[in-house]
Amino acid sequence: MKALFFEQYGLPHEILALKDIPLPSMAKSHSLVKMLYASINPADHMFIQGQYGIKAQFPQIAGLDGVGLIHQSGGSLPAGTLVAFRYPGAWAEYALVPDHNLIPLPDDYPMEKATQLVLNAATAYGLLNTRQDPGEWLFLTAGSSTVAKLILQFAVKRKIQVACSIRAGEDGENLEKMGANLVVDSSNLSEMKTRIMDATNQQGISTCFDCVGGQLSTALFESMATGGRYIFYGALDNADITISAPQILFKQLTMQPFRFQNFLDSLDDIHLFYQQLIGLFGDPGIKVEINSSFSLEHYLDALQKRPGEKVLLRMT
C-alpha cells in the first residue's frame with residue numbers, strides 16, 4: 001500500500017514522504033480499514049510538527065482521522081461496514097485501527113459529512129454542550145473555519161445569537177446566510193470591540209469559543225460580559241495573551257481549555273454520543289463545504305494553505 005510517512009518532526013511539506021510498504025499485520029481487537037478519504041486539519045499539521053497532544057511513534061504514518069470500509073474485521077463490525085475513525089495513520093491506502101475507535105455509519109451517509117464527523121462535527125457539538133443558553137451571545141473566532149461554521153449552524157438551531165470574526169478578504173456574507181447575527185473583521189481590533197459592544201447593547205459576549213489566541217484573544221477579553229466564559233479549543237496564533245487581574249476579578253471571567261480527547265474521555269458512552277451526532281449532523285439543513293480533494297500522490301498540493309477552504313486526501 002501507499003502511505004505518507006514522517007521520521008522526524010518538522011513542516012509537513014518538508015518532511016513527509018510517500019512510500020510503498022506492506023499492508024499492516026492484523027492485531028487483536030483491531031480492524032484493517034480500506035481508506036476512502038482523510039481530512040486535513042490544523043491538528044494534523046501540529047501532529048507532524050510535534051506540537052500536538054498525540055505524539056508520533058517513528059516512523060509514523062501521518063493523518064489523524066478518516067473514513068473507509070472495513071477490509072478485514074477483528075471485532076464485531078463486519079467487513080464492508082462504512083466507518084469513520086480518529087487514530088494516527090489515516091494518510092494511507094489502508095489503516096489498522098482499534099475497534100473501539102471505529103464509528104459505524106449508515107451505508108448512504110453523505111461522504112462529505114462522514115469525513116468531518118469524528119473530529120470537526122464532534123468538536124462543534126461538544127463545545128456547544130458545555131452550556132450555552134438561548135438568547136445569549138456566543139462569539140466564534142476564525143469564523144470561516146470548518147468547526148466555526150458547524151458551531152454556528154448548530155447554535156442557530158438552538159436560537160443562540162452568534163458573532164464571528166474573520167480576516168480581511170474572507171467571506172462574511174456566507175456566514176450571515178448561515179445565520180450569524182454579527183460578522184466582524186479581526187484585522188481592526190478597535191473597531192471589532194466597538195461593533196461587539198454595540199450589537200450586545202453594551203453587555204458584551206456571554207461565551208467565546210476561541211481557536212486563535214494572541215492579540216485577538218487579548219482584545220476579546222475586553223468585550224466579555226460579566227460572568228462570561230472564555231473557552232480555548234485551538235492555538236493558531238501562539239503569541240502571548242494579555243489579561244489584567246481586574247478583568248478577571250471584576251468581570252468574574254472564567255477561562256478554560258477544551259481539549260478534544262479529554263472531552264471524549266469524560267463521556268460515559270462515546271458511541272452513544274456519536275450515534276446522536278450522526279443523526280444531528282446528517283440533517284440536510286446542516287451544510288458542509290468540501291472545496292477540493294487530492295490523491296496521495298498530490299499531497300503537496302493538498303497541503304498548501306487555503307484560508308477558509310476544506311481539503312481532503314482521497315485514496316481511491
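Everything here concerns the structure above.
From a predicted model like this one, the values you see are computed outputs, not experimental measurements.

Novice: Just checking my understanding: could you explain the side chain of serine 31 for this structure?
Specialist: Along the chain, serine 31 falls in strand S3 (residues 30-39). In terms of polar contacts, serine 31 uses its side chain to reach the side chain of aspartate 99, at 2.7 Å. Beyond its immediate sequence surroundings of up to four residues, serine 31 is in contact with Met26, Ile70, Gln72, Ser73, Gly74, Gly75, Ala95, Leu96, Val97, Asp99 and Leu102.

Novice: Looking at this model, I keep getting lost on the packing of helix H3 (residues 111-128) against helix H10 (residues 270-281). Mind explaining?
Specialist: Axes are the key here: two packed helices are described by the angle between their axes and the distance separating the axes. Put simply, H3 and H10 touch, their axes get as near as 10 Å, and they point 105° apart. In terms of orientation, H3 lies roughly perpendicular with respect to H10. Along its contact with H3, which presents Lys113, Gln116, Leu117, Val118, Ala121, Ala122, Tyr125 and Gly126, the element H10 presents Phe273, Tyr274, Leu277, Ile278, Leu280 and Phe281. Among the residues making up the contact of H3 with H10, the classes are represented as 11 nonpolar, 2 polar and 1 charged.

Novice: Can you walk me through the sheet that holds strand S4 (residues 60-61) in this structure?
Specialist: Pairing between the strands of a sheet comes from backbone hydrogen bonds, and it takes one of two forms, parallel or antiparallel. Taken in spatial order, the 3 strands of this open sheet run S2-S1-S4, and their pairing is antiparallel. Every interior strand has two partners, whereas the edge strands, strand S2 (17-20) and S4, have only one. Alignment of strand S1 (residues 2-6) against S4, held across 2 bridges, turns out to be antiparallel. By the bridge assignment, phenylalanine 6 is partnered in S4 with glutamine 60.

Novice: Got a minute to help me understand unusual backbone geometry in this structure?
Specialist: For the bond from phenylalanine 58 to proline 59, the omega torsion is -10°, close enough to zero to count as cis. Summarising the element assignment, proline 59 is placed in the loop between helix H2 (42-48) and S4. The backbone of asparagine 201 sits at a positive phi, close to 55°, despite the residue not being glycine. By the secondary structure assignment, asparagine 201 is in the loop between helix H6 (189-199) and strand S12 (205-210).

Novice: Could you clarify how one ought to interpret empty space enclosed by the protein in this entry?
Specialist: Over the atoms, a rolled probe matching the size of one water molecule traces out where space is still vacant. In this structure the tally under the stated criterion is 1 cavity of 30 Å³ or more. If you add up the space inside the largest cavity, you get close to 50 Å³. In terms of residue class, the lining of the largest cavity is built from 3 nonpolar, 1 polar and 2 charged.

Novice: What is the right way to read the packing of H3 against helix H4 (residues 146-157) from this model?
Specialist: Orientation of H3 relative to H4, taken along the N-to-C sense of each, is 50°, at an axis distance of 9 Å. In terms of axis orientation, H3 runs oblique to H4. Here H3 runs over H4; the crossing is right-handed. Of the residues in H4, those in contact with Gln116, Asn120, Ala121, Thr123, Ala124, Tyr125, Leu127 and Leu128 of H3 are Thr146, Val147, Leu150, Ile151, Phe154 and Ala155.

Novice: Is there a simple way to think about the pattern of salt bridges in this case?
Specialist: When the charged atoms of two side chains lie near each other, side chains of opposite charge can form a pair. In the structure shown here, the tally under the stated rule is 8 salt bridges. For lysine 2, the salt bridge is made with aspartate 20, and the minimal N-O distance between the two is 3.8 Å. Of the two residues, lysine 2 is situated in strand S1 and aspartate 20 in strand S2; the sequence distance between them amounts to 18 residues. On the basis of relative accessible area, lysine 2 is assigned to the partly exposed category, the value being 25%.

Novice: Sorry, what's going on with the sheet that holds strand S13 (residues 224-232) here?
Specialist: Pairing within the open sheet is parallel, and its 6 strands lie in the order S11-S10-S9-S12-S13-S14. The strands lining the two open edges of the sheet, one partner per strand, are strand S11 (182-185) and strand S14 (254-257). Averaged over all adjacent pairs, the angle separating strand axes in this sheet is 20°, with direction ignored. With 3 bridges connecting them, strand S9 (residues 137-140) and S12 associate as parallel partners. Of the residues in S12, the one forming a bridge with leucine 140 is phenylalanine 209.

Novice: What is the right way to read the layout of surface pockets from this model?
Specialist: If you add up the space inside the second largest pocket, you get close to 290 Å³. Of all the secondary structure elements, the ones that give two or more residues to the lining of the second largest pocket are helix H9 (260-266) and H10. In terms of residues, the lining of the second largest pocket owes the most to one element, H10, which gives 3 residues. Across the lining of the second largest pocket, the residue classes tally to 9 nonpolar, 4 polar and 1 charged.

Novice: Is there a simple way to think about the side chain of asparagine 101 in this case?
Specialist: Within the secondary structure layout, asparagine 101 lies in the loop between strand S7 (94-98) and strand S8 (102-104). You can call asparagine 101 buried: its relative accessible area is 18%. A distance of 3.1 Å separates a polar side-chain atom of asparagine 101 from the backbone oxygen of arginine 86. Those residues in contact with asparagine 101 that lie beyond four places of it in its chain are Ala84, Phe85, Arg86 and Tyr87.

Reading guide: rules and limits
Residues numbered from 1 in each chain as written. Predicted model: local features only at pLDDT ≥ 70, side-chain atom pairs only at ≥ 80, totals over all residues. Heavy atoms only, no water. Helix = DSSP H or I, 4+ residues; strand = E, 2+ residues; numbered from the N terminus. Polar contact = N/O pair within 3.5 Å; in protein donor to acceptor, adjacent residues only side chain to side chain. Contact = heavy atoms within 4.5 Å. Axes fitted to C-alpha atoms, helices over the stretch in contact; angles between N-to-C directions. Parallel < 35°, antiparallel > 145°, perpendicular 65-115°, else oblique. Nonpolar A, V, L, I, M, F, W, Y, C, P; charged D, E, K, R; others polar. Pairing = 2+ DSSP bridges. 1 Å grid on protein atoms, 1.4 Å probe; cavity = no way out; pocket = protein on both sides within 12 Å on 5 of 7 lines; lining within 4 Å. Points joined across faces, edges and corners; volume = space filled by probe spheres on them. Left-handed = near helix turned anticlockwise from the far one by under 90°. Salt bridge = Lys/Arg side-chain N within 4 Å of Asp/Glu carboxyl O. Buried < 20%, exposed > 50% of the residue type's maximum accessible area, 1.4 Å probe, protein only.

Just distances and angles here, no functional claims.
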